Amino acid sequence: MSLSHGPGHALRVLVRKRDFYAGGLMILFGLIMSLKGPTYQLGTLMHMGPGFLPTALGVVLIFLGVTIAASATTVPEGEDEDILPPEPQWFAWACILASPVAFIIFGSYGGLAPATFACVFVAALGDKKATWMGSILLALLIMVFGVLLFHFVLQIPMPVLKFFGWSIL
Amino acid sequence: MITTALTDLWYGFGVALEPQNLMWCFLGVLIGNMVGVLPGMGPLATISILLPLTFGIKPVGAILMLAGVMYGAQYGGAICSILLNLPCHPPHAVTCLDGYPMTKQGRGGVALGVTVFASFVGASWGITEMVFLSPVLVRVALQFGPAEICSLMLLGLLAGSTLARGSPLKGVAMTVLGLMIGIIGSDIETGAERFTFGLTELDDGVELVALALGLFGMAEFMNSVNQQAEINTKYTNVRLRDMRPSREDIRRSIFPMLRGTIVGSLCALIPGTGPTIASFVAYATEKKVSRTPEKFGTGMIEGVVCPETSTHSSVQGDFIPTMSLGIPGDAVMALLLGALMIQGIVPGPQLISQHPDIFWGLVASFWVGNILLVLLNVPLIGIWVKMLTIPYRFLYPSAMFFVCIGVYAANNDMFQVGEVLVIGILGYVLLRLGFHPAPILLGFVLGPRFEENFRRAMLISRGDILVFLERPISAVFIALCAILILGQLYFRLFKGGKKTSGGEVEQPLAAE
């Protein structure tokens, strides 16, 4: 990267660099820490308050973030700098993220069996080769196995099936 | 001194061979061996899932089992590398280079057979080291005050983050992030709530299991979903008969085995350089020592034996700083330490004297476990290979369920399942930005103890920050930290260009 193109070009190149964002994220975390830390009482070095270490760590992280972002300029142009993978799997990611959500919802209102089924079923749909039938079968299998293992063997205190506050099993 | 160590070890065997403990150990190595083979399931995720399920059993049994998963997985990982050319487990990535060509020549069975034996040799040395070195370390460490503990932790954290994979700078940033996540919750001294954002569920801090499963479970699944390469099972038909090495193979393996052991045990002593580094260094050493370096990569048995031995020697050696000083070298050790703390056991130099059953039982269980693994591995390879054909689309949804139920079971709290979700997203973003999230766990586990000791040291020294340099032992640790940082800077600034010459060795990692 030559600097002869002026600062505008340098910035445009920088914005496409992965490390630039990596550093940015660290600076963000550092700022949260170092700005919120002092509100918890800093104390003195001898009697440190609860806010001392967070503030100090925040400052360190900002420094690290700046260094990481600055090192983005040394990465030669044209290297693999894409933040997203070559084939983004939005649907699969959504399915994986929805899986614990389904577990929470069905677990809170329906019990272990529906939670297990929903959790596995939703996650299984994310694969590009997944079929409805295959996902249902897998979810059923894991449900039976999960209930046997976690409810009857390990005795996790979660009703297998409940309906509006009524535990059926 | 040797006799006391041996008597203690004898006592340890008594603990490890109790029927219940033996069962947990067996279960641990069996599960470990299995997940070691499965691509996309690492020991980290497995230990985190099992962790909440061990709350109900006694601390000794729990730690024997979780440690068993750790070293059992190392035996499994080699199978994946040798038979399938899948570098899915970082410590075994380098084994692919010569292991897979051997398989293509129809000598995969021999490679596996020799590997099993070499692994046992490496592990045995690692354990021996632990038996004799830990008591010595402990005797020194018991003199440590808060200042020394603090500097030692600083050294451990720095080494753990800069010597691991990836950019050292990003590693340190991850450690600091881990320390920050460790701060969330009530302050130990004043009870002030920090960074809870008004959520009372966060008062007790972020749950270790949720953090580990978010980073190494969910983020990992998001990373590898729909990215699976076709598994080529053409060469996986290994019979027991094929595994017996010829006399020539044995002759060629002996010295690489010894060299691997030495490299591995040295790497174990330097905090932060875990099995992955050990195996790469071992391969490079072996290539340098060899009379026919040009033949490496074409199925040299030396290129399989040496890295595998060093991996195992290093895995066992990694337990030394973890168990005797309370300073974990990598994320798995941090997790095991976390498991101990959940059981109410304070890690540190006093562990050996306060809980001899745990320490010596663990050491003895390493022998037991490794013997079990050798016995298991030979007949079970066929079954493990069959398991490899389980498609990822069945594997990860099932694993998602285990993640959810595992986190829920930790405290019977649905909120923590939500924690996994948030941490999983964060972990994936960090992965895509080129961070390796392992040091987060290191910082998280050490964070609270670091803060406590730092405050105490400052209180004792009346606010004099120079206390860390005035006390000799502490000064040595700080000096080592400085050497570590300056060394990294030196290599980065002056040797940066030459690093790519090792590209050949780094290739399997890039394919990961």
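Residues numbered from 1 in each chain as written. Chains lettered and ligands numbered in written order. Predicted model: local features only at pLDDT ≥ 70, side-chain atom pairs only at ≥ 80, totals over all residues.

1. Comments concerning the overall build of chain A
Secondary structure assignment for chain A yields six helices and two strands. Going from the N terminus to the C terminus, chain A shows its helices and strands as α-α-α-α-α-α-β-β. The buried share of chain A, taken over its 169 residues, is 39%. Contacts in chain A between residues far apart in sequence, at least 24 positions, make up 58% of those at least 6 positions apart. (Helix = DSSP H or I, 4+ residues; strand = E, 2+ residues; numbered from the N terminus. Buried ≥ 20, exposed ≤ 12 C-beta atoms within 10 Å, placed from the backbone. Contact = placed C-beta atoms within 7 Å.)

2. Observations regarding the packing of helix 4 (residues 59-84) of chain B against helix 14 (residues 331-342) of chain B
The description of two helices packed together rests on the angle between their axes and the distance between the axes. Residues and elements named next belong to chain B. Running from amino to carboxyl end, helix 4 crosses helix 14 at an angle of 170 degrees, the nearest separation of the two axes being 10 Å. As judged from the angle between their axes, helix 4 and helix 14 are roughly antiparallel. Facing helix 4, whose interface residues are Ala-62, Ile-63, Leu-66, Ala-67 and Met-70, helix 14 presents Val-332, Leu-336, Ala-339 and Leu-340. Taken together, the residues of the contact of helix 4 with helix 14 break down into nine nonpolar, no polar and no charged. (Axes fitted to C-alpha atoms, helices over the stretch in contact; angles between N-to-C directions. Parallel < 35°, antiparallel > 145°, perpendicular 65-115°, else oblique. Nonpolar A, V, L, I, M, F, W, Y, C, P; charged D, E, K, R; others polar.)

3. Concerning helix 17 (residues 392-411) of chain B
Think of an α-helix as turning once every 3.6 residues; residues three or four places apart then point the same way. All names here are of chain B. End to end, helix 17 covers 29 Å across 20 residues, agreeing with the expected 28 Å (1.5 Å per residue, within 8%). Among the 20 residues that make up helix 17, 17 are buried, leaving the element largely enclosed by the rest of the structure. Count one or two residues on from helix 17 and you reach Asn-412, which has phi positive near 50 degrees. (Expected span 1.5 Å × (residues − 1).)

4. Some points on the interface of chain B and chain A
With 48 residues of chain B at the interface, the matching set in chain A holds 56 residues. Elements represented by at least two residues in the side of chain B that touches chain A include exactly helix 8 (168-183), helix 9 (208-224), helix 17, helix 18 (414-432) and helix 19 (438-460) of chain B. For the side of chain B that touches chain A, the element with the most residues is helix 17 of chain B, which contributes 10 residues.

5. Digging into the confidence of the model for chain B
All names here are of chain B. For chain B, mean pLDDT is 84; residues scoring 70 or higher make up 94% of the total. Averaged pLDDT values for the elements of chain B fall to 35 in helix 22 (residues 503-510) and rise to 92 in helix 18. Interface confidence in the predicted complex, given as ipTM, is 0.88; pTM for the same model is 0.86. (pLDDT = per-residue confidence, 0-100.)

6. With respect to the nonpolar core
In this structure, Cys119(A), Val120(A), Ile63(B), Leu66(B), Leu213(B), Met400(B) and Leu441(B) are the most contacted members of the largest nonpolar core, which totals 222 residues. Among the elements that make up this core, the one with the highest residue count is helix 4 of chain B (18 residues). Residues contacting Cys119(A), with those up to four places away along its chain left out, are Ser99(A), Ala102(A), Phe103(A), Met400(B), Phe401(B) and Cys404(B). (Core = buried A, V, L, I, M, F, W, Y, C linked by C-beta atoms within 7 Å.)

7. So, the packing of helix 5 (residues 112-124) of chain A against helix 6 (residues 132-153) of chain A
Residue and element names in this part refer to chain A. The interhelical angle for the contact between helix 5 and helix 6, taken along N-to-C directions, is 140 degrees, at an axis separation of 8 Å. Taken together, helix 5 and helix 6 sit at an angle that is classed as oblique. For the element pair helix 5 and helix 6, the recorded crossing hand is right-handed. On helix 6, the residues touching Leu-112, Ala-113, Thr-116, Phe-117, Val-120, Phe-121 and Ala-124 of helix 5 are Ser-135, Ile-136, Leu-138, Ala-139, Leu-140, Ile-142, Met-143, Gly-146, Val-147, Phe-150 and His-151. When grouped by side-chain class, the residues that make up the contact of helix 5 with helix 6 number 14 nonpolar, four polar and no charged. (Left-handed = near helix turned anticlockwise from the far one by under 90°.)

8. Observations concerning unusual backbone geometry
In this structure, Gln155(A) is a non-glycine residue whose phi angle is positive, near 55 degrees. Along the chain, Gln155(A) turns up in the loop between helix 6 and strand 1 (162-163). Of note, the phi angle at Asn412(B) is positive, near 50 degrees, even though the residue is not glycine. With respect to the element layout, Asn412(B) can be found in the loop between helix 17 and helix 18.

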